[in-house]
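So you can see what is in the structure, the chains are spelled out below.
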Amino acid sequence: MTLLSRRHILAAIGAGVAAPSLVRAQSSETLKIGGMLPFSGPASIEGRQIVQGLQFAVAEWNEKGGVLGRKIELVLEDDESNSTKGVTAVRRLIEREKVPFIIGTYASAVAIAASKVAAEYKVPMLSGGSTGAGATDQNTAGDPWFFRSWPDSNAQGDDTAKAIVNKFKKTKVAIIHDNTNYGVTLAEQVTRVVTGVGGQIVSKDGYNAGEQDFSSMLTRLRGLKPDAVYIGGWAGDGANILRQAAEIGLKAQFVGSGSMLSDDFIKLAGSASEGFAVATMFEASTPNPIGKAFAERWRKSHDFDANTFSALGYDSTNIAIEALRRAGKPDGLEVQKMLKDGMKDFPLVQGPAGTTAAFNEKGGVIFPNFIAVIKDGKRRLDV
Amino acid sequence: MKPYLIGLAVALVLAVAPFVLGGYETNVLMMMLFFVILAVGLDLVAGYCGQFSFATGAFYGLGAYTAAIMSRDLGSPIWLNLPAGAVVAGLFGLLLGIPALRLKGHFLAIVTIAFQTIVYLVISQWTSFTGGQVGVSLPNPAPLTAFGVTLVQLGSLRSYYWLTLAVAVICLLLAWRLAHSRLGSEWIAIRDDETLAAAVGIDTTRGKLTAFIASAALAGVAGVLTAHAMRGVTPDDFTIWISATVVAMMVLGGRGTFIGPILGAVFLVLMPEVLGRLAEYKMLIYGSLLVLAITLMPEGVIGRLRRRAAR
Amino acid sequence: MDLFLQYVANGVVTGSTYVLVAVGLTLIFGILGVVNFAHGEFYMIGGYVGIVAITMLKLPVLAAIAVVLLAAALVGLVAEAILHKPLKSRDATNSIISSFGLAVALQNAALLVMGPQPQRLNLDVSKIPVLSSLPTDFGPVFLPQQRTLIPLTMVILIGVLYAVLKYTWTGRSLRAMAQHATVARLCGVRVQSVAVVTFMVGSALAGIAGMLMSSIFFVYPVVGNMIALKAFTVVILGGMGNVAGAAVAGLLLGITESLTSAYVANSMRDVVGFVFVILVLLFRPQGLFGKAAERS
């Protein structure tokens, strides 16, 4: 990417963030919905990708004339991946902007803190990327206020671990994970499943997110000769580990967590990413016809393919607006009731063909993850 | 008596504010009060006693985690956690005060930075005890009842706001009394000339250690309030950037002026909320503002005003 | 034993970065009494300038190194004008706060200009004259040339710095300032130019470290935070203001971290440095290699 195009993209993000407030100044007829994501801080890479999914869904609805006869306006807040900020942002969205629901956020710890507050106001939240099981586990069964239209991190760990043993036929597994909640829960899940189906965990190493040098740890792993290495953590660190592993000649089937889905990841890891496998909920080449159509529409207005981040942002927003339309009025409680059991027929762009927004009593949607393998610099579902 | 009257009037206005304002504004005011306590606490050790500390965030976190872990493991209520948080943070303040007896100025600053970092690493890594990166979540407390009648439903935002306001007023009164007591005069003497202070018979060891303890205990109290009001703790709320922010509040308002750090806290908490729409630029503006302020007005707003008045 | 040597070599590579960053930090600290919070940002800027020079301007490696040195020295010049010149007659806290503000501003400026995603410097070692002919296997130790480049550069730069400090007029002025600023001034040392040189040297060292490291790791806007913390650790371990101490402590920290992640647990590697710091502060506040002296 050249400097020019990066500036261009940043300017576009800036315009996207600024645009809603401009629109608001012009029209009082709009119906405001809330979006809360990290636009600064460590998770801003993900936040800035996910928000495009939100904006795309809103744009599509507005093209069709909006909802309940009103144009939709997306009001965005930056939570900086910080729970104190997140709690404040939620109050601001609900009280100042009177939004009937909020799409957000990425970091699970922030989602947990923020959704507790939103629930007090009877305003539902739909995950903007948070995958941690904790966020939906804290919901009261049967009365969830935090919804996630895809499986949680446990299911992701499950699907990935099964793929290691069944699809790739590897039984000696080394695990590397970061010390965040995300990395730790994934590592535990993978350990449980792999040992459960007869595999063996040869080593388990933790690291701090953002750590740079993995060479000594990987040198030690090389001596253990694992068949497969599972990496649970953020994309930047995963790419770093892959490159350093290739450098010292640690050869194994590398498998990573869902955060390592982006094209940026492939670019960062370079040729070291060949053969790397990752659980995914959506790819532009998805066999799901609804998802395929979404990817084609996306490509017409963007100069890059839709990825999991765009898809989950789109799904969360799309489901919420549709629930609002079905409820017939912009009221948090009505939207939540509709989300709980009125959306079981509504198709998702994520997951295999036929996946719908059938939220379970804890507010999650369950479908099997795809396992994508990187080949010639592209994630493919058919390898 | 005049400062007391003004303080009382401000406290009264703040007390009725939730009736007029919404939850978002109340929430922001509550965060402002947390930082007022932190900034005044730092002012005691750094402004009055001249012992520079970059570890406010660590003491803030120690108080918060004390409350969260006690609630989780012992089920203790907030009124028990408040003194406990103050004691734990105060003890660690004593611990940090010990190297301060030997080191000064920028050497001491580095030591406090190291202390801050160590505390952060421990609370973010010791997963079995502190919950690691995900922290500790607190359930809503049971209402305070007497003879089967609910007296106070702790748990609503307003109740926490009022509790925070009451505790903040008590903290400020205590800090004010301390700063204007004989001990406070000893602190100032140590700040202005330690050798001279020792020569005229002031126990500088006691002076420095008490300043560290008082400052840390106040931060601990703010931490307990935060943990309960936010219904949980996560390590990223207690980083060195929090310490630096509190230092900035103290310095912008004016070190050793008491009222200055309060105004600094008010300004720096409210500013990002006003700048909210400029998310892309707000931290850039914040950083540049800090550089400009320290260069052009090192004695802080209140320090500058007082100097002008004295002329 | 073979593996042990490999671990030590890995530690020397990261340790060399710590040395490059910490030596500048300790110089600025020891000579000017400035605790420079923005030092990690010099490292970050070095990384980005390196990427711009090599990936976008397609400069040859040596020219790119020169560009990075120049740009980082320029940043040091500006930093001195912000952090030291207007604040030098005031107490140390002023410069700490100012440098904190500068760090925040620089990180967010980098976020706006370069974006949040990590970036990597594609350093084609085969085009570097001497380096490309170096072996990658040293007995049982395997080191790719990008990695060898780091300790190599460190030794050269620190060697040059040592010679300058020891034998030139500028170097003597620097050391005189570090020992006693007032006396140095009385003896005709021009304090202002010493300050500028110190900042430029410190920034250039950190900048070159940032550039070299981004060829094996990544660079992103907040990458300086962790490296600055490591550098502060090294500065304390080596004795605050002690250049030789920082050099030895930097290597020791790198090796210790490497051995910790090899033999103890990888998750302990960041903690171990700080444990040393506590021990040193409790028992030898003058640092591992410092002489006991009154600190003021």
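Note that this is a predicted model, so its numbers are computed, not measured. (Residues numbered from 1 in each chain as written. Chains lettered and ligands numbered in written order. Predicted model: local features only at pLDDT ≥ 70, side-chain atom pairs only at ≥ 80, totals over all residues.)

Caption draft 1: Broad picture of the overall build of chain C. In terms of regular secondary structure, chain C is built from 11 helices and two strands. Secondary structure elements of chain C, listed N to C terminal, follow the sequence α-α-α-α-β-β-α-α-α-α-α-α-α. In summary, chain C has a C-alpha radius of gyration of 19 Å against a globular reference of 19 Å for 296 residues, a match within 12%. For chain C, the C-alpha atoms occupy an extent of roughly 55 × 45 × 40 Å along the three principal directions. Counting only residues that meet the buried cut, chain C has 59% of its 296 residues in that class. (Helix = DSSP H or I, 4+ residues; strand = E, 2+ residues; numbered from the N terminus. Rg over C-alpha atoms; globule rule 2.2 N^0.38 Å. Buried ≥ 20, exposed ≤ 12 C-beta atoms within 10 Å, placed from the backbone.)

Caption draft 2: Summary view of the overall build of chain A. The secondary structure content of chain A amounts to 13 helices and 12 strands. Computed over C-alpha atoms, the radius of gyration of chain A comes to 20 Å, within 12% of the 21 Å expected from 2.2 N^0.38 for 383 residues, which places it in the range of a compact globule. Expressed along its principal axes, the backbone C-alpha trace of chain A runs to roughly 65 × 50 × 40 Å. Within the span of chain A, comprising 383 residues, buried residues form 62% of the whole. When contacts within chain A are restricted to residue pairs at least 6 apart in sequence, long-range pairs at least 24 apart make up 71% of them. (Contact = placed C-beta atoms within 7 Å.)

Caption draft 3: Summary view of the interface of chain C and chain B. Every contact between the two is made by 36 residues of chain C and, on the other side, 32 residues of chain B. Elements with a contribution of two residues or more to the side of chain C that touches chain B: α4 (92-114), α9 (223-238) and α11 (269-283) of chain C. Of all the elements, α4 of chain C adds the most residues to the side of chain C that touches chain B, at 14 residues. A breakdown of the residues in the side of chain C that touches chain B according to their chemical character gives 25 nonpolar, seven polar and four charged. (Nonpolar A, V, L, I, M, F, W, Y, C, P; charged D, E, K, R; others polar.)

Caption draft 4: View of the sheet that holds strand β8 (residues 228-232) of chain A. Residues and elements named next belong to chain A. Judged by pairing direction, the sheet is mixed, and its seven strands sit side by side in the order β7-β6-β8-β9-β10-β11-β12 without closing on themselves. Unpaired on one side and paired on the other, β7 (200-207) and β12 (378-380) mark the two borders of the sheet. With strand direction ignored, the average angle separating the axes of adjacent strands in the sheet is 25°. Here strand β11 (residues 370-375) pairs with β12 via three bridges, running antiparallel. Its bridge partner being in β12, V373 is matched across the sheet by R380. Strands β6 (172-178), β7 and β8 of the sheet are contacted by helix α7 (residues 181-196), whose axis makes an angle of about 165° with β6. (Pairing = 2+ DSSP bridges. Axes fitted to C-alpha atoms, helices over the stretch in contact; angles between N-to-C directions.)

Caption draft 5: Region of interest: the interface of chain B and chain A. At the junction of the two partners, chain B supplies 23 residues and chain A supplies 24 residues. Considered class by class, the residues forming the side of chain B that touches chain A number seven nonpolar, 11 polar and five charged.

Caption draft 6: Looking closely at the domain arrangement of chain A. Residues and elements named next belong to chain A. Domain parsing of chain A yields domain 1 (3-151 + 287-368) and domain 2 (154-280). Computed from C-alpha atoms alone, the centre-to-centre distance between domain 1 and domain 2 is 29 Å. The partner domain 2 presents 12 residues to the 12 residues of domain 1 that form the contact. For the side of domain 1 that touches domain 2, the secondary-structure elements that each account for two or more residues are α4 (108-120), α5 (133-137) and α12 (308-327). (Domains from an automatic or database assignment.)

Caption draft 7: Looking closely at the environment of F367 of chain A. Residues and elements named next belong to chain A. Within the secondary structure layout, F367 lies in the loop between α13 (332-341) and β11. For the pair F367 and W150, spaced 217 residues apart in sequence, the C-alpha to C-alpha distance is 7.0 Å. Ignoring sequence-local partners within four residues, the contact set of F367 consists of P151, G351, P352 and T355.

Caption draft 8: Fine view of the pairing of strand β1 (residues 31-37) of chain A. All names here are of chain A. By the criterion of burial, β1 is predominantly enclosed, with five of the seven residues buried. In this sheet, strand β2 (residues 72-78) lies alongside β1 in parallel orientation, the contact comprising seven bridges. Within the sheet, the bridge partner assigned to G34 lies in β2 and is V75.

Caption draft 9: The arrangement of the packing of helix α2 (residues 44-63) of chain A against α12 of chain A in detail. All names here are of chain A. One can describe the packing of α2 onto α12 by two numbers: an axis separation of 7 Å at closest approach and a directional angle of 40°. By the criterion of interaxial angle, the relationship of α2 to α12 is oblique. The hand of the α2/α12 crossing is right-handed. Contact residues: α2 offers E46, Q49, I50, V51, Q52, G53, L54, F56, A57, V58 and W61, while α12 offers F309, S310, A311, L312, G313, Y314, T317, N318 and I321. Here the contact of α2 with α12 is composed, by residue class, of 12 nonpolar, seven polar and one charged. (Parallel < 35°, antiparallel > 145°, perpendicular 65-115°, else oblique. Left-handed = near helix turned anticlockwise from the far one by under 90°.)

Caption draft 10: Local environment of the nonpolar core. Core analysis: the largest hydrophobic core is formed by 331 residues, its most contacted members being F35, I37, A39 and I110 of chain B together with I208 and V235 of chain C. Counting only domains with at least three residues in this core, you end up with domain 1 (3-151 + 287-368) and domain 2 (154-280) of chain A. In contact with F35 of chain B, not counting residues within four places along its chain, are V246, M249, A265 and V269 of chain B. (Core = buried A, V, L, I, M, F, W, Y, C linked by C-beta atoms within 7 Å.)

Caption draft 11: Molecular detail of the sheet that holds strand β5 (residues 146-147) of chain A. Residue and element names in this part refer to chain A. Strand order in the open sheet formed by five strands is β2-β1-β3-β4-β5, and the pairing between neighbours is parallel. Each edge of the open sheet is held by one strand with a lone partner, namely β2 and β5. Here β1 runs beside strand β3 (residues 102-104); their pairing, made up of three bridges, is parallel. The residue bridging G35 from the neighbouring strand is I103, located in β3.

Caption draft 12: Region of interest: the packing of helix α7 (residues 157-179) of chain B against helix α10 (residues 204-229) of chain B. All names here are of chain B. Relative to each other, α7 and α10 sit at 175°, their axes nearing to 11 Å. The orientation of α7 relative to α10 falls into the category roughly antiparallel. Taking contact as the criterion, the partners of Y160, T164, V167, C171, A175 and L178 in α7 are, on α10, A214, L218, V221, L225, H228 and A229. Considered class by class, the residues forming the contact of α7 with α10 number 10 nonpolar, two polar and no charged.

Caption draft 13: Structural view of the confidence of the model for chain C. Residues and elements named next belong to chain C. Averaged over chain C, the pLDDT score is 85; the fraction of residues at 70 or greater is 97%. Counting interchain partners and residues more than four positions distant, the pLDDT-below-50 stretch residues 292-296 has six contacts. Of the two predicted TM-score estimates for the complex, the pTM is 0.82 and the ipTM is 0.80. (pLDDT = per-residue confidence, 0-100.)

Caption draft 14: Region of interest: the pairing of β8 of chain A. All names here are of chain A. Burial analysis of β8 places five of its five residues in the buried class, the great majority of the element. Of the two faces of β8, both are covered, the one formed by A228, Y230 and G232 as well as the one formed by V229 and I231. Pairing of β8 with strand β9 (residues 253-256) involves four bridges; the strand directions are parallel. Residue pairing for β9: Y230 is matched across the bridge by V255. Taken together, β8, helix α9 (residues 235-248) and β9 form a β-α-β motif whose crossover is right-handed. (Right-handed = clockwise from strand over helix to strand, strands pointing away.)

Caption draft 15: Region of the structure containing helix α5 (residues 145-167) of chain C. Residues and elements named next belong to chain C. Along its 23 residues, α5 runs 32 Å from first to last C-alpha, staying within 8% of the 33 Å computed at 1.5 Å per residue. All of the buried residues in α5 are R147, L149, I150, P151, M154, L157, I158 and L161. Buried residues along α5 sit against α1 (2-32), α8 (191-216) and α10 (243-264). (Expected span 1.5 Å × (residues − 1).)

Caption draft 16: Local environment of unusual backbone geometry. Residue G104 of chain A is joined to T105 of chain A through a cis peptide bond whose omega torsion reads 0°. Structurally, T105 of chain A is set in the loop between β3 and α4. Positive phi, normally seen in glycine, also occurs at E80 of chain A, with a value near 55°. Along the chain, the position of E80 of chain A falls in the loop between β2 and α3 (83-96). Residue E80 of chain A is classed as buried on the basis of its C-beta count, with 26 C-beta atoms lying within 10 Å. The phi dihedral of F258 of chain B is positive, around 65°, even though this residue is not glycine.

Caption draft 17: The environment of D79 of chain A, seen in detail. Residue and element names in this part refer to chain A. Turning to its location among the elements, D79 is positioned in the loop between β2 and α3. Classification of D79 as buried rests on a count of 30 C-beta atoms within 10 Å. Considering only alpha carbons, one finds D79 and T105, 26 residues apart in sequence, at a separation of 8.1 Å. Dropping the residues within four chain positions of it, D79 is found in contact with M36, L37, P38, K85, G86, A89, T105 and V110.

Caption draft 18: Focus on the environment of G238 of chain A. Residue and element names in this part refer to chain A. Within the secondary structure, G238 is located in helix α9. Distance from G238 to G256, taken between C-alpha atoms, is 7.5 Å for residues 18 residues apart in sequence. When near neighbours in sequence (up to four residues on either side) are disregarded, G238 contacts I231, G233, G256, M260 and F265.

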